[in-house]
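So you can see what is in the structure, the chains are spelled out below.
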Amino acid sequence: MPDITPLPTFLEGKLDWSHCKEATPPTDLTVYTECLEQLSTLTDEAFDQDHPIDEIISARAAVVDRILAFAWQSFGLEQENASLVAVGGYGRAELHPGSDIDILLLFADDPAENACNAISNFVTFLWDIKFQVGHSVRTLFECEREARDDITVATNLMEARLLAGDEDLCDTMKRNTGPDHIWPSPEFFSAKLDEQLKRHQRFGDTGYNVEPNIKEGPGGLRDIQMIGWVTKRHFGAHSLQELVRHEFLEQDEYEALIEGQNFLWRVRYALHRIAGRREERLLFDFQKPLALKLGYEDGPNNLAVETFMQSYYRTIMELERLNEMLLQLYDEALLQKDREDEIITINKRFQIHNGYLEIIDKQLFVKYPPALLEVFLILQVEPNIKGVRASTIRSIRSHRHLIDKRFRDDIRCKSLFMEILRQPTGITTQLRRMNRYGLLAAYLPSFGLIVGRMQYDLFHVYTVDEHILMVLRNVRRTSVKQYEHEHPLSSRVFKELPKPELIYLAALFHDIAKGREGDHSILGAIEAEQFCLEHGLSDYDAKLVAWLVRHHLVMSMTAQQRDISDPDVVYEFAKLIGNKNRLDYLYILTVADIRGTNPEIWNSWKASLLASLYEQTKQVLRRGLDNPAEHEEIIVSTQDEAMGLLKIQGMPEELVRPIWNDFETDYFLRYNPEDIVRHTLLINDISVEELPLVKARFVESTGSTELFIYHRDFIDLFFRITRTLDQMGINILDARIMSTRSGMAIDTLQIHDANETPIIEKDRLKQLEERLSAGLTTDETITTESEGRISRQHKHFNVSTRISYYPDEAPGMTAMELLTNDRRGLLSRVAQVLKTHKIRLHTARIATIGEQADDMLYITDEMDQALTPTAEENLQRVLTEALDQPQ
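Computed from a predicted structure; not experimentally measured.

**Section: the sheet that holds strand β1 (residues 82-86)**
- Pairing is mixed across the open sheet formed by four strands, whose spatial order is β3-β2-β1-β4. Unpaired on one side and paired on the other, β3 (133-139) and β4 (161-165) mark the two borders of the sheet. Strand-to-strand twist across the sheet, computed as the mean angle between neighbouring axes with direction ignored, equals 25°.
- As paired elements, β1 and strand β2 (residues 101-107) share five bridges and run antiparallel to each other. Looking at β2, one finds that Leu84 is bridged to Leu105.
- With respect to the sheet, helix α2 (residues 53-74) is in contact with β1, β2 and β4, its orientation differing from that of β4 by roughly 30°.
- Against the sheet, helix α5 (residues 140-149) contacts β2 and β3, and its axis sits at roughly 110° relative to β3.

**Examining the nonpolar core**
- By size, the foremost hydrophobic cluster in this structure holds 216 residues, and its most contacted members are Leu68, Tyr90, Ile103, Phe122, Phe131, Phe417 and Tyr587.
- Among the elements that make up this core, the one with the highest residue count is helix α13 (residues 304-335) (16 residues).
- Look past the residues within four positions of Tyr587 in its chain and what remains in contact with it is His487, Leu489, Ser490, Val493, Met555, Leu610, Ala611 and Tyr614.
- The next biggest cluster of nonpolar side chains, apart from the first, holds 45 residues, and it includes Ala696, Phe719, Ile732 and Ile846.

**Digging into the pairing of strand β14 (residues 814-821)**
- Within β14, eight of the eight residues are buried, which leaves it mostly tucked inside the rest of the structure.
- Sheet topology places strand β13 (residues 802-806) next to β14; five bridges connect them, and they run antiparallel. When the bridges of β14 are listed, Ser804 appears paired with Glu817.
- The pairing of β14 with strand β17 (residues 852-861) spans eight bridges and is classified as antiparallel. Counterpart to Glu817 in the pairing with β17 is Met856.

**Observations concerning unusual backbone geometry**
- For the bond from Leu691 to Pro692, the omega torsion is 5°, close enough to zero to count as cis.
- By the element assignment, Pro692 lies in the loop between α34 (673-684) and β9 (693-699).
- Unlike most non-glycine residues, Asp50 shows phi in positive territory, near 60°.
- For Asn354, which is not glycine, the phi torsion reads 50° and is therefore positive.
- By secondary structure assignment, the location of Asn354 is in the loop between β6 (350-353) and β7 (356-359).

**Some details on the packing of helix α29 (residues 580-597) against helix α30 (residues 604-623)**
- The geometry of α29 relative to α30 is characterised by a closest axis approach of 11 Å and an angle of 175° between their N-to-C directions. It follows that α29 is roughly antiparallel to α30 by the angle criterion. Contacts between α29 and α30 involve Lys580, Leu583, Asp584, Tyr587, Thr590, Val591 and Ile594 on the former and, on the latter, Lys606, Leu610, Ala611, Tyr614, Thr617, Lys618 and Leu621.
- By residue class, the composition of the contact of α29 with α30 is eight nonpolar, two polar and four charged.

**Digging into the pattern of salt bridges**
- Under the counting rule described, the total for this entry stands at 63 salt bridges.
- Salt-bridge contacts for Glu253 lead to Arg394; the nearest nitrogen and oxygen are separated by 2.9 Å. Within this pair, whereas Glu253 is found in helix α11 (residues 251-275), its partner Arg394 is found in helix α16 (residues 390-398), the two being separated by 141 residues in sequence. For the residue pair Glu253 and Arg394, the accessibility class agrees, reading buried in each case.
- When the shortest N-O distance is used, the salt bridge between Asp409 and Lys405 registers 2.7 Å.

**Re the packing of helix α37 (residues 826-836) against helix α38 (residues 869-884)**
- For the pair α37 and α38, the least separation of the axes is 10 Å and the interaxial angle reads 140°. In terms of their interaxial angle, α37 and α38 are classed as oblique. Our pair here, α37 against α38, has a crossing hand that is right-handed. Only Leu875, Val878, Leu879, Ala882 and Leu883 of α38 make contact with α37, whose side of the interface consists of Leu826, Arg829, Val830, Val833 and Leu834.
- A breakdown of the residues in the contact of α37 with α38 according to their chemical character gives nine nonpolar, no polar and one charged.

Cut-offs applied
Residues numbered from 1 in each chain as written. Predicted model: local features only at pLDDT ≥ 70, side-chain atom pairs only at ≥ 80, totals over all residues. Heavy atoms only, no water. Pairing = 2+ DSSP bridges. Helix = DSSP H or I, 4+ residues; strand = E, 2+ residues; numbered from the N terminus. Axes fitted to C-alpha atoms, helices over the stretch in contact; angles between N-to-C directions. Contact = heavy atoms within 4.5 Å. Core = buried A, V, L, I, M, F, W, Y, C linked by side-chain atoms within 4.5 Å. Buried < 20%, exposed > 50% of the residue type's maximum accessible area, 1.4 Å probe, protein only. Parallel < 35°, antiparallel > 145°, perpendicular 65-115°, else oblique. Nonpolar A, V, L, I, M, F, W, Y, C, P; charged D, E, K, R; others polar. Salt bridge = Lys/Arg side-chain N within 4 Å of Asp/Glu carboxyl O. Left-handed = near helix turned anticlockwise from the far one by under 90°.

Okay, structure coming up:
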């Protein structure tokens, strides 16, 4: 008998099937399309009324079942020795608004010509009524062959459900592709496990990205389906409920699994509705409307979208844990069932059972609660242990409530936690495991507040807890020899740290207060110091950890937003740092933090900025904060070294001095001897008639392309540079702009192309020089279609332009900080405003923080004087108007 999905009660009597039941081929498609529109209306209404989601998605399958069965008969396919079979998700009677309808047209032998015509008409009809059909036409033999060769096909056919046609044929296909013929349970499990591991790797082994995939990502619907497939293959079960009967799940675990599945189903159903198509990614485009559709509301400290996404992340975390436990149980039942038990006793509490850690006494955690932490220490000490046995995972989960204040105050527990942080290996792995099992949140209640908490911006691509653990991972990698190539300077500095556990604690606490009222750095520092003192650290060490948490952003902000070629900037930073020990710890934490925030924003340019600030600060500290180098001393030293290098190059001093005499003294403070040598040689080799001088080169140490421009200075020079580079899709990372005494401009820019990579190829560098030279000598207006446009992701974040002035930042100039929405052509638009109002730009530090541009511009009026308060107010007004106008 066909296995047609029952109609739920909320659809009974509300759909007219009379015309669909006509036996002749349907000619009036509106009969079907109207029926499907009515179905969508009814299921959407049921969804909005919080009707059980499992009934809603099965209701869609029930209607599709009937339409397909009617059509099969109408096109004469009922007369063939064939079967119409639902497979895949549709075979499970799960249809979301955008789901594909996967069907198999099964024949005993190759279909005859008349059957082929009927098949073509049948499939065409399905497309005409807007079904998103995924169909295959196979014989019995082909099904078996394809399933044997491809685990995906075998999995798809496991879900086979007869809709119409030959029942015996369908049953034969199921037997021939079942575990008694191909892919027996152990092989099937191994193949699907490998498939899951590879799928997780495609998502970086984390489901906690800001735009997660609810179907394919770790902890998503595919992981639940994986459990169902293995269950069906091994037990022949048709429901996850049978896992309880087979003692693979406790009742409460089954309920948690179903609760998680229903939550993801509701999210997916609403996502398909809002997107108007099949969409499995929780893109920024959909997150806010999804939160509202699902009933979330803004709160005093959290947006509705943040609360919704936290619910999502916490759901997939629980599903990941259940998935891990069940797969471990299946491993024991399928892959180790014929293996003789190998048990190695570790101590009186733990043993290794066939490679997995296991508690000896089921009541261990009740009798000795500190063992809840000892689990993770043993996994570090015994690296050959494969993991935790499923029964022990279950016991850990059921005894998490024992981690209370009394537990946290127990000296044994404090010692175990610190011992975990002091181990040479496994720190990140075990803290991740502690987080997954819920123990890290229990032991650190503050950490529990940020579990699954998203930061609704483009800068942070992970949840706060995942980011913290990613930062910890990055710190740990600097201590491992095989990863030294990732960041050699960090690895060298790490070796000089007297107590590595202090940087681990700083990483653990640096963002722990995110989402609360107040400065999270200050709040986190207070909690970090208290935690350290309670865990036996000295007052000095506790204060160092607190200081690192309090100032964990300062090195990044200084390197990216201040002019670190200015000795005064470096000296002020060194005064804040105070000593080399702090500098070493802060440098490693800063690098790890940026890399753990968003992998795409870390590049060689940022690495070079931080390395330069680190080395310069180290020199200042070595010299002594009470003995800073005077500007004159720096200039003389720089000139002497540069002159020596020029003499080696064959350029005599009598040729050098006229060029240098034209430079302002600041030039020799901002540039190193090697740069000065290069500039001097280039300027010496060019005549006035040959201007502008534009030279481009790739600088490996900074991972950027450097542009050197020497030209007659005029008010809109920088605007011409930026408009030309914008037309070419070039991003400016840094701009250093200087004028000589004779009115020449010396501009040095660090750039990347549109793909955020340096330009290396000689022909591209030459083209860049030619295009920019032309752009500097033409008055032709250059426009690009994409100028000023905001990307898909950026448009969901409305960053109002904010302008702040810092009068004491740069003597003789005005330091202006510009915060606004990042977009292509931004700096060109700013330069145009500056040109129009006769304002000169001297230095620009360009920083992008997710959706937000945070640029520091050092400017003067046309007389090279700092802006007056009136001029500042006027510039603020016109720049804000220019940047906040609709895009």
